[in-house]
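# Structural description and commentary
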Amino acid sequence: MEIMRLKGTNGTVIAYDDRVVIERTGLFAFAAQGFKGSKTYFYKDLSSVGYKKPGMANGYLQFIVAGSNPSAPKSDLWGTSKETMQDENVVVLRAFNSEMPVLSDKIYRIIMDHVAAAKHSNSGTAPASVSGADEIRKYNELYKQGIITEAEFTAKKKQILGI
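Report follows, based on the coordinates. (Residues numbered from 1 in each chain as written. Predicted model: local features only at pLDDT ≥ 70, side-chain atom pairs only at ≥ 80, totals over all residues. Heavy atoms only, no water.)

Next up on the list: the overall build of the protein chain. Helix and strand counts for the protein chain stand at 5 helices and 9 strands. Ordering the α and β elements of the protein chain from the N terminus gives β-β-β-α-β-β-β-β-β-α-β-α-α-α. Put simply, the protein chain has 163 residues, and 36% of those count as buried. Within the protein chain, counting contacts between residues at least 6 apart in sequence, those at least 24 apart form 53% of the total. (Helix = DSSP H or I, 4+ residues; strand = E, 2+ residues; numbered from the N terminus. Buried < 20%, exposed > 50% of the residue type's maximum accessible area, 1.4 Å probe, protein only. Contact = heavy atoms within 4.5 Å.)

Core analysis: the largest hydrophobic core is formed by 20 residues, its most contacted members being Val13, Val20, Tyr43, Leu46, Phe63, Ile107 and Ile111. Looking at this core, the elements with two or more residues in it are β1 (2-7), β2 (12-16), β3 (19-23), β5 (46-52), β6 (59-65), β9 (90-93) and α3 (100-123). Considering each element in turn, this core owes the most residues, 6 residues, to α3. Once residues within four sequence positions are removed from consideration, Val20 is found in contact with Val13, Ile14, Ala15, Lys39, Thr40, Tyr41, Tyr43, Leu46, Phe63 and Ile111. One finds Ile136, Leu142, Ile147 and Phe153 within the second-largest nonpolar core, a separate group that totals 6 residues. (Core = buried A, V, L, I, M, F, W, Y, C linked by side-chain atoms within 4.5 Å.)

In this structure, Phe96 is a non-glycine residue whose phi angle is positive, near 60°. In this structure, Phe96 sits in the loop between β9 and α3. In this structure Phe96 comes out as exposed when scored by relative accessible area, which is 65%.

As paired elements, β1 and β2 share 5 bridges and run antiparallel to each other. By the bridge assignment for β2, Leu6 is matched with Val13. Connecting the antiparallel pair β1 and β2 is a turn made up of 4 residues. (Pairing = 2+ DSSP bridges.)

For the rest of this paragraph, the subject is the packing of helix α4 (residues 132-144) against helix α5 (residues 150-161). For the pair α4 and α5, interaxial distance at closest approach is 9 Å and the crossing angle is 175°. As judged from the angle between their axes, α4 and α5 are roughly antiparallel. Facing α4, whose interface residues are Gly132, Glu135, Ile136, Tyr139, Asn140 and Tyr143, α5 presents Glu150, Phe153, Lys156, Lys157, Ile160 and Leu161. Among the residues making up the contact of α4 with α5, the classes are represented as 6 nonpolar, 2 polar and 4 charged. (Axes fitted to C-alpha atoms, helices over the stretch in contact; angles between N-to-C directions. Parallel < 35°, antiparallel > 145°, perpendicular 65-115°, else oblique. Nonpolar A, V, L, I, M, F, W, Y, C, P; charged D, E, K, R; others polar.)

This part takes up α5. With 12 residues, α5 should cover 16 Å at 1.5 Å per step; its first-to-last C-alpha distance of 16 Å lies within 8% of that length. Of the residues one or two after α5, Gly162 is the one with positive phi, at around 75°. (Expected span 1.5 Å × (residues − 1).)

Below is the structure:
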């Protein structure tokens, strides 16, 4: 089931329950990637996910699997490098879009939560138990960083406290 979709400059990132897909459609995606088509990564196979939040400069999401030789994405105030735009494992996130930082944080958080869950289920061990206070601190930090809203933080705190 599709959880979230985020359109970048050179492709669209689609988060599902068990995988993430880079879909290459549209003029910019074709110009950067040609006819490469979509690329699927199962959460259990991801070694890491590179992320740079867009703001004054473009950001990116980069998916890295074991055995790959990932590039070092280059995106700054002067633009995004041609190599980064053409990297099949990178989706460039447009700067100066007021919604993009919030949406990119949200999809990154979703992907990382699913990667962590897949790693725990593959390891055969249960994740360490976390206290309610630790959970509240974690969500408070996300709120302070602007990743979640005050309403989301308050709702989560009430859920943890059972209120």
